[in-house]
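Survey of secondary and tertiary structure
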Amino acid sequence: MLTLLDQLDKGTLWSSPGGIHPPEVKFLSNTTPISQLPLAQEYLIPVPQVGENCTLAVKVGDKVLKGAPLTQGTSIWHLPVHAPTSGTVVAIEPRASNHASALPVNTCVIAADGEDRWFELTPGSIELSNHEMIAKIHGAGIAGMGGAAFPSHIKLNPVSEIELVIINGVECEPYISADDRLMREYSQDILAGIGIIHRLLAPKRIVIAIEDNKPEAIKAMQQAVSQSTLPAGSTRVTAIPTKYPSGGEKQLIQIITGREVPSGSIPAKLGIVVHNVGTAFAIHQAVTQGKPLIERVVTVTGQNVGKPGNYWLPIGTPVEHVLKHTEFNAEADQKVIIGGPMMGHALPTIQVPILKGTNCILVPSSQEIGTTPEEKACIRCGECANACPALLLPQQLFWHAKAEEYDKAASYNLKDCIECGCCSYVCPSDIPLVEYYRIAKSALKQAADEKHQAERAKLRFEARIQRLEEEKLAREAKAKEAAARRQATMTSTDKNAVAEAMARIAAKKAAAAETTADNAPVEVVAADASSTEAPKGKAAVAAAIARAKAKKAAASAQGADDAESSQQAVSSEQTASSEQNEPTEQTESLSQKDKVAAAIARAKAKKAALKADSDTNGDTDIATDNTDKPATETTTNAEVDDKKAKVAAAVARAKAKKAAAQQAESSEVTEVQSKLAAEAKPESESSSVPSVPLSPEDEKKAKVAAAVARAKAKKAAAQQAESSEVTEVLPELAADAKPESTNESDNESDSATKPSASLSPEDEKKAKVAAAVARAKAKKAAAQQAESSDVAEVQPELVADAKPELTNEPDSESDSQSGDKSSSVAEPSAPLSPEDEKKAKVAAAVARAKAKKAAREANAISDANE
């Protein structure tokens, strides 16, 4: 099996997909040799033309020589721009670009002086090192001359090993003949440039590819190869069939080697590099003569040009100047196309310069290229897909590009489109497909640039945040070091002074917080503390703060308990004051000392109420109250103990009367229960309907209800007597408490908060009255509990007596319960059954009990109001 090199030596060719055969019109320009045009008055040099990251090396007013660099940069992608002639820089301003959009670009305008004097050149030789050669090529600003204008020095310094170099002399555009005339006239120079490429890349084979429609160029190049010093058998000229676009880089590789460059890849990854014949000629001039790329061969053709042909045009020459000196005859709606008719673009204005990638200026007549036909709807014929040399789907690309769905168009490998124009050429609907693809590519490029800028901005922001954080940490470290140095230089006296100052500041802050947030007792403490001399030293300040916090906690704990007891004390105080004809309202606000005394009194009343609740009988209560008093208060407050003894005796008498009443009530209930069975039958006979006797069960229930009602009435009477006795005790307590001014038994606990405060006679009276009222309420609660226990004892006996009689009437109980409500609405005119009569009696008894209870509650409310 033959290797690729063997097949190349035999001249084996492969076919490429797609492609078209447009009519050739090269004869208009390839019959005359390359000539020169007169110098223009001014030259327009866009900066930068290729690459980026450049700076201008000249300014307005500077005089420049031919070949002098106008820009400088450090990026590998930067290609310098040189002065095309000698003259003066008259302007650096935006001018229209050589593009279909004519967008303005920064342009250096040089006014030619007509002398055309060269900048001092540095000729080289073949003896230079590879690095020096690449530096010269880079400094000369050489880019791909086939139209792509890719920096040549990057191609000449690949990362991977190169096995094959293809010199592209195909020039497949139907009007362009610049490379054809260059190969005919400068074949030896081209071979010298190929020799430099061979020196730099050291490929195994070099193939010079030329279309078979250029026989003169093929003959000239074969003769130059035979005369060159290249290794024998390493270089050959291969003629390929004429088909557009065979001159495309990927298409030419496929024709010569049969390999297809993957999507998104470059030929160098396959070990292949492609250079144009014009690029090889410029490399020879740059290395051997030191000339920068300041001019190139441009084909000027078309039926509206009087002198078509190929011309050496300096970079930056205005198109207007070229057309003027080639006898341009403009028509109405004349088109001026840069490039060929297939891949070129029409210029909006002819005030644009010649660039490094400009290879043709086409000025066609209306018979050659008519007006742009109207776009029609796609008929889905598929001709565009058959003609596409990149094996794409132009129809889908068109739909997505027209709908501005550029992401979907990119998914169909839009970037692999070489914009050859084959699809537009064969489209029967006259759809400018390539224009849609160019717009889509521009939109995707803009989006990618914006994303790249956003990422760079993000990186700058993150770097700024990191820098600020580092500066902050550095400042903090510097401050800590300074503090450490100060600390090291401080004496013991200075340290004590600082500590005392910080303690005073903390004490002032705590005092201010307590002043604004504490209640009245705590305010008094703060006032007393402020009146004393502030202690010196850190320990004294800390002790004062601890005492203040303890007092504040004690006051807040008493706050909740004082609320209820203070309300009761105030009501008792109003009652006692009304009986003794004392004023009920104070005309002046109490002093701070009086407020403290009032709080102490409320706390005492609360404590007395809690002790009264824990008593179980009168004697035990008296003993407990006496034993709970501290011995110190008993010896100092003898008069107070006499008064308390009198109060305790009165309370004991009230409890005795209540116990007697409860005993009488219970005995009466027992008698009623014993009489119920005997009186049940006579009462049933004396009912409202004598003809229907009551059942024994119904009569028994009615009597029980009546007995319970009478028991409740007696209990209410006993409670009323008890409340009247308490009412009699209250004036005595008030009279006894008035002349006394000593403190009560709880003064010792309160004195921890305010040892200097003493109770006034009025406050002592209020405290004693509140204690008496609390004990009375406790006894009332005990009486109510005893009543509920009595009723609970009566109910089980009733149920036990009624159980034997319920065997024949299981629904009697539920009927009696429901009868409580229904009997009250019975009509008197209708005769009642025994059951209804029983329900009526029970309802009457319940009503009487409710009435007595309501009367008791009303009396209790009136007594409390008094």
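See the structure shown above.
Here's what I pulled together on the structure shown here. Every residue gets a number counted from 1 within its own chain, in the order that chain's sequence is written. Per-residue local features are limited, in this predicted model, to residues with pLDDT of at least 70; the limit for side-chain atom pairs, both in listing and counting, is 80 or more; totals at the level of whole chains, interfaces and linings are taken over all residues. In computing side-chain values, all of the structure's heavy atoms are included and hydrogens and water are not.

1. A few points about the overall build of the chain
- Scanning the chain from terminus to terminus reveals 26 helices and 16 strands.
- Out of the 866 residues belonging to the chain, those deemed buried represent 40%.
- The contact criterion used throughout is that any non-hydrogen atoms of two residues lie within 4.5 Å. Taking as baseline every contact in the chain between residues at least 6 positions apart, the subset at least 24 positions apart corresponds to 76%.
- Here, Shrake-Rupley sampling with a 1.4 Å probe gives the accessible areas, and only protein chains in the shown set may cover a residue. Accessible surface, the chain as shown: approximately 45800 Å² in total, 55% of it carbon and sulfur. A run of H or I in DSSP counts as a helix once it spans at least four residues, and a run of E counts as a strand once it spans at least two, with each numbered from the N terminus. Any residue under 20% of the maximum accessible area for its type is buried, any over 50% is exposed, and the rest in between are partly exposed; the area is computed with a 1.4 Å probe on protein chains only.

2. A short note on a nonpolar patch on the surface
- A cluster of nonpolar residues, Ile76, Trp77 and Phe150, forms a patch on the protein surface that exposes about 300 Å² of accessible area.
- If you trace the backbone, Phe150 turns up in the loop between helix H2 (130-139) and helix H3 (152-155). Residues with no salt bridge and a relative accessible area higher than 30% make up the patches, which join like charges within 9 Å and nonpolar side chains (Val, Leu, Ile, Met, Phe, Trp, Tyr) within 5 Å. Between Lys or Arg on one side and Asp or Glu on the other, a salt bridge is scored when a side-chain nitrogen of the former is within 4 Å of a carboxyl oxygen of the latter.

3. Let's talk about the packing of H2 against helix H5 (residues 187-201)
- To get an axis, fit a line to the C-alpha atoms, keeping to the stretch in contact for a helix; angles then go from 0 to 180 degrees between the N-to-C directions. Packing of H2 against H5 leaves a shortest axis separation of 10 Å and a crossing angle of 130°. Viewed along their axes, H2 and H5 adopt a mutual orientation that is oblique. Once H2 is placed against H5, the crossing between them reads as left-handed. Where H2 abuts H5, its residues Asn130, Met133, Ile134 and Ile137 lie against Ile196, Arg199 and Leu200.
- Any residue outside Ala, Val, Leu, Ile, Met, Phe, Trp, Tyr, Cys, Pro, Asp, Glu, Lys and Arg is labelled polar, Gly included; the first ten of those are nonpolar and the last four are charged. Residue composition of the contact of H2 with H5, grouped by class: five nonpolar, one polar and one charged. Reported orientations rely on four angle classes, namely roughly parallel under 35 degrees, roughly antiparallel over 145, roughly perpendicular from 65 to 115, and oblique for the rest. Left-handed describes a crossing whose near helix is turned anticlockwise from the far helix through less than a right angle; right-handed describes the clockwise counterpart.

4. Details of H5
- Expected span, for any helix, means 1.5 Å times one less than how many residues it has. The first and last C-alpha atoms of H5 sit 21 Å apart over 15 residues, in line with the 21 Å expected at 1.5 Å per residue.
- In terms of burial, H5 is largely enclosed, as 11 of its 15 residues are buried.
- Among the residues making up H5, those that are buried are Ser187, Ile190, Leu191, Gly193, Ile194, Gly195, Ile196, Ile197, His198, Leu200 and Leu201.
- Looking one or two residues beyond H5, the residue adopting positive phi is Ala202, at roughly 50°.

5. Here we look at helix H14 (residues 433-489)
- For H14, built from 57 residues, the straight-helix expectation of 84 Å at 1.5 Å per residue is met to within 8% by its first-to-last C-alpha distance of 84 Å.
- Every buried residue of H14 is accounted for by Leu433, Val434, Tyr436, Tyr437, Arg438, Ala440 and Ala482.
- In this structure, the buried residues of H14 make contact with strand E15 (345-346), helix H10 (383-387), helix H11 (394-402), helix H12 (406-411) and helix H13 (422-426).

6. What about the sheet that holds strand E7 (residues 104-112)?
- We call two strands paired when DSSP finds no fewer than two bridges between them. Spatially, E2-E7-E6-E4 is the arrangement adopted by the four strands of the open sheet, whose pairing is antiparallel. Of all the strands in the sheet, just strand E2 (42-46) and strand E4 (63-64) have a single pairing partner and so form its edges.
- Pairing of E4 with strand E6 (residues 87-96) involves two bridges; the strand directions are antiparallel. Residue pairing for E6: Val64 is matched across the bridge by Gly87.

7. Topic: the state of the cysteines
- Here, a disulfide means two cysteine sulfur atoms that sit within 2.5 Å of each other. Applying the stated criterion across every chain yields a total of zero disulfides.
- Summary of cysteine pairing: Cys384 is not part of a disulfide, and the nearest cysteine sulfur, belonging to Cys381, is at 6.2 Å.
- A residue is classified by how much of its surface remains accessible, and Cys384, at 12% relative accessible area, is buried.
- Distance from the sulfur of Cys417, which forms no disulfide, to the nearest cysteine sulfur (Cys423) is 6.3 Å.

8. Focus: the packing of aromatic side chains
- For this analysis, a ring pair means two rings from Phe, Tyr or Trp (six-membered ring only for Trp) whose centres lie within 6.5 Å, classed as stacked if their planes differ by under 30 degrees, edge-to-face if by over 60, and tilted for the remaining angles. Tallying each qualifying case throughout the model produces five aromatic pairs.
- Pairing Trp77 with Phe150 gives two aromatic rings, centres 5.9 Å apart and planes at 85°, and the pair type is edge-to-face. Pair noted here: Trp77 is in the loop between strand E5 (71-73) and E6 and Phe150 is in the loop between H2 and H3, with a separation of 73 residues, a long-range link.
- With a centroid separation of 5.1 Å and an interplanar angle of 75°, the aromatic rings of Phe398 and Tyr436 are classed as edge-to-face. Taken together, the residues span a long stretch of sequence, with Phe398 in helix H11 and Tyr436 in helix H14 at a distance of 38 residues.
- Taken together, the aromatic side chains of Tyr186, Phe281 and Trp312 make up a single cluster linked through ring pairs.

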